[in-house]
Amino acid sequence: PEEMEGPFANDNEKEKKAEKLLRANNLRTEELDGIFKFSSIEVEIKGKKQVFIAFRMPNGDLSRIATRLLLKQKGKVRTFLMVGAGGSLKSTSKVGSYQLTNTSFLKGKDGVQIEERNILQLQFAHNDICSKDNTNLTVMSPLVETKEWLEGARKSAHSVDVESYFIMDEYQSAVKTN
């Protein structure tokens with residue numbers, strides 16, 4: 001919105017401005033099990049009240065715990081949408097490109113795959129800026145991402161980050177038990 005046009009002295013100032021605007025529109029910040037903080041906002045879409053819950057995903061295996069705690073909120077979570085900014089391994093990707101990731105691998109583990117029926121169908125998914133059926137490689141630390149690692153990783157994956165495997169694995173477990 002216009003209210004978010006800069007200039008801002010730094011990212012922290014911009015974030016504070018965004019939070020102030022969201023608070024004016026019912027933003028709530030809560031703790032989940034005393035460990036993770038998450039924010040929620042209630043909006044009206046097509047005459048129905050909806051609540052969106054979001055939080056900055058912690059890195060690594062902590063993301064599994066955060067996902068588990070969030071999904072255990074009985075009656076609060078009907079749709080789970082994971083959005084992130086993992087590093088693209090595709091040489092054809094551009095800034096602003098989207099990758100719909102349905103499979104993630106972690107060294108030493110079987111891959112985890114989200115069934116297509118559980119992936120939100122986005123209207124822009126058929127656009128040139130969005131590629132579907134991408135594979136993610138989750139690493140325990142960005143420090144493993146050397147030049148040699150990159151050359152090998154590009155042969156088997158489209159993106160890299162430190163949490164997708166854990167989030168997707170926990171989501172799959174929740175889907176299977178519900």
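Now for a description of the structure that goes with this document. Please read all numbers here as calculations on a predicted model, not as lab measurements.

Parameters at a glance
Residues numbered from 1 in each chain as written. Predicted model: local features only at pLDDT ≥ 70, side-chain atom pairs only at ≥ 80, totals over all residues. Heavy atoms only, no water. Pairing = 2+ DSSP bridges. Helix = DSSP H or I, 4+ residues; strand = E, 2+ residues; numbered from the N terminus. Axes fitted to C-alpha atoms, helices over the stretch in contact; angles between N-to-C directions. Contact = heavy atoms within 4.5 Å. Phe/Tyr/Trp six-rings, centres within 6.5 Å; stacked < 30°, edge-to-face > 60°. Buried < 20%, exposed > 50% of the residue type's maximum accessible area, 1.4 Å probe, protein only.

### Here we look at the sheet that holds strand 3 (residues 48-54)
Reasoning step 1: Taken in spatial order, the three strands line up as 1-2-3 in an open sheet, and their pairing is antiparallel. Only two strands of the sheet have a single neighbouring strand rather than two, namely strand 1 (28-32) and strand 3. The mean angle between the axes of side-by-side strands here comes to 30°, regardless of whether they run parallel or antiparallel.
Reasoning step 2: Bridge count between strand 1 and strand 2 (residues 36-45): five bridges; the pairing is antiparallel. Bridged to Glu31 within strand 2 is Lys37.
Reasoning step 3: Contacting strand 1, strand 2 and strand 3, helix 2 (residues 62-71) runs over the sheet at an angle of about 45° to strand 2.

### Some thoughts on the packing of aromatic side chains
Reasoning step 1: Taken as a whole and judged by the stated rule, the model has one aromatic pair.
Reasoning step 2: A ring pair is formed by Tyr165 and Phe166, whose centres lie 5.8 Å apart and whose planes are at 85°; its orientation type is edge-to-face. For the pair Tyr165 and Phe166, a shared accessibility class is recorded, and that class is buried.

### Some remarks on the pairing of strand 3
Reasoning step 1: Relative to strand 3, strand 2 runs antiparallel, the two being bridged by seven bridges. Across the sheet, residue Ile45 finds its bridge partner in strand 3, namely Lys48.
Reasoning step 2: A loop of two residues connects strand 2 with strand 3, the two strands running antiparallel in sequence, and Lys46 in this loop sits at a positive phi of about 50°.

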